[in-house]
Structures are given as structure tokens and as C-alpha cells.
Amino acid sequence: QQPVQSPQAVILREGEDAVINCSSSKALYSVHWYRQKHGEAPVFLMILLKGGEQKGHEKISASFNEKKQQSSLYLTASQLSYSGTYFCGTEIPNSGGSNYKLTFGKGTLLTVNP
Amino acid sequence: SQTIHQWPATLVQPVGSPLSLECTVEGTSNPNLYWYRQAAGRGLQLLFYSVGIGQISSEVPQNLSASRPQDRQFILSSKKLLLSDSGFYLCAWSVSLRGRQPQHFGDGTRLSIL
């Protein structure tokens, strides 16, 4: 089941903040966030784990509401280098725990202008 | 440190021709390996994943297949390409624990079918 990301696109000026949301219709084992610049491969930003643990980028923060099956990525004081498409990937548990695979949302295009 | 290599970077093939894309990982043992496809302006679609030599899980029925002949080698193949097979193909790896691990992507292969 593909997670739903919102908004689909956002345009910021340098220094402004943005929030990107990711919602799932199923209970989640973890949520992963990636950024992809045009023509390049996605780059890992952060993992949020069931139970509250986070692993990832120092300058980007995120939250994971297990009950609501939602995650949000917070980009503060945006820089030009933040531009790109942000994807969330959700990991849905099977009876044995993780099933190793991620299902990605359609992405949120973030444009930061000077 | 770990690195992932994908080749070729770009490929133009006629409809009905065969396909072989190769991915290798260095600096780690027994990684989980993944093949994704990304259509223009779209999200990441998981095609295959592997948790060990000879172990392949298929996510989307299609005319593609995958093989893992060696621990750190993952191959995507087709006997006869279709126009709909065009896209950006990405290989990724993660540490072989049960989930909760970031996936690291190769630079991708841009495949055009004529």
C-alpha cells in the first residue's frame, strides 16, 4: 500500500521552513526519508523507528506518530541545496517483523529560491 | 567504506531486444539487494529484492527477471523489452538485518526503448 505524501510540491525562499507529510493506511515498522536531485540517485536522510528511535541527518528533523501512521519531515532555515524531490518509504511489518522492503510515496518536489 | 556500482549509465535499446543490467556492491558482505524502476516524474517502484545468493523476491509481475549469482552481484534481465520498460533503473543495498536499515542507491541506468 503506497503511502500518501503531501504537499505534492512546495516553493520556498531561502531561509523559510517547510513540512512534508507522509501517511500510511497500515501500521508501520519504520519510515525512511530520501532526497533525490534531478537526474541523480536518491540519498538517504533519516529513518524513524517504531518506538521513537531516529537515525539520520543532523540538520533535518522528523517525527513519527505510530498511532496515526504518519511521519513528517521538517526542513528549517532552508538552503538552496535543499531543493529536490523528497520521498518517504514505509516499512510494513509481517508476522516475523520486517519484510525488508520499502514502499515509496510519489514524492514532494521542493524548490528553494534565492 | 561501502560502494555500489551500476552499469551502464545510459542505454538505448530497440523493442524486442534483450536486457542485462548489472549492479555490484563493495565493502560489505551478504547485503540485501534491491532493483527499483522510476518512470519520469514518478516515485520509486520496487521490482525485485534479494536477501541472499539465489534468493529473489518479485514484487511486480512483468517481463523482467533478476538473479543474484554472487553475494554482492545483482543482475536485472529481460528476454524481450517492451516500450513500457523505459525508465530509470536503480539498484540499492542495505545491511542484512531485518529492516530498519537505510538503503543506499547506485547512480542508476537510464533506459530508453525505441
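A brief structural summary. (Residues numbered from 1 in each chain as written. Chains lettered and ligands numbered in written order. Predicted model: local features only at pLDDT ≥ 70, side-chain atom pairs only at ≥ 80, totals over all residues. Heavy atoms only, no water.)

So, on to the pattern of salt bridges. Side chains that differ in charge, positive against negative, can pair when their charged atoms come close. Inspection of the entire model under this criterion finds 3 salt bridges over all chains. Between K101(A) and E59(B) there is a salt bridge whose closest N-O contact spans 2.7 Å. In this pair, K101(A) is assigned in the loop between β9 (84-91) and β10 (103-104) and E59(B) in the loop between β6 (55-58) and β7 (64-70), connecting two distinct chains. Using a relative accessible area of 28% as the deciding quantity, one classes E59(B) as partly exposed. The salt bridge involving D71(B) is made with R68(B); its shortest N-O contact spans 3.4 Å. Since its relative accessible area comes to 22%, D71(B) is described here as partly exposed. (Salt bridge = Lys/Arg side-chain N within 4 Å of Asp/Glu carboxyl O. Helix = DSSP H or I, 4+ residues; strand = E, 2+ residues; numbered from the N terminus. Buried < 20%, exposed > 50% of the residue type's maximum accessible area, 1.4 Å probe, protein only.)

Following the criterion strictly, the structure yields 2 disulfides over all chains and no others. Linked covalently through their sulfurs, C22(A) and C88(A) form a disulfide whose S-S length is 2.0 Å. As the torsion about the S-S bond is roughly 70°, the C22(A)-C88(A) disulfide counts as right-handed. On the criterion of sequence distance, the pair formed by C22(A) in strand β3 (residues 18-23) and C88(A) in strand β9 is long-range, its members being 66 residues apart. For C22(A), a relative accessible area of 2% gives the class buried. Exposure remark for C88(A): the relative accessible area of 0% places this residue in the buried category. In this model C23(B) forms its disulfide with C91(B); the gap between the sulfur atoms is 2.0 Å. (Disulfide = S-S within 2.5 Å.)

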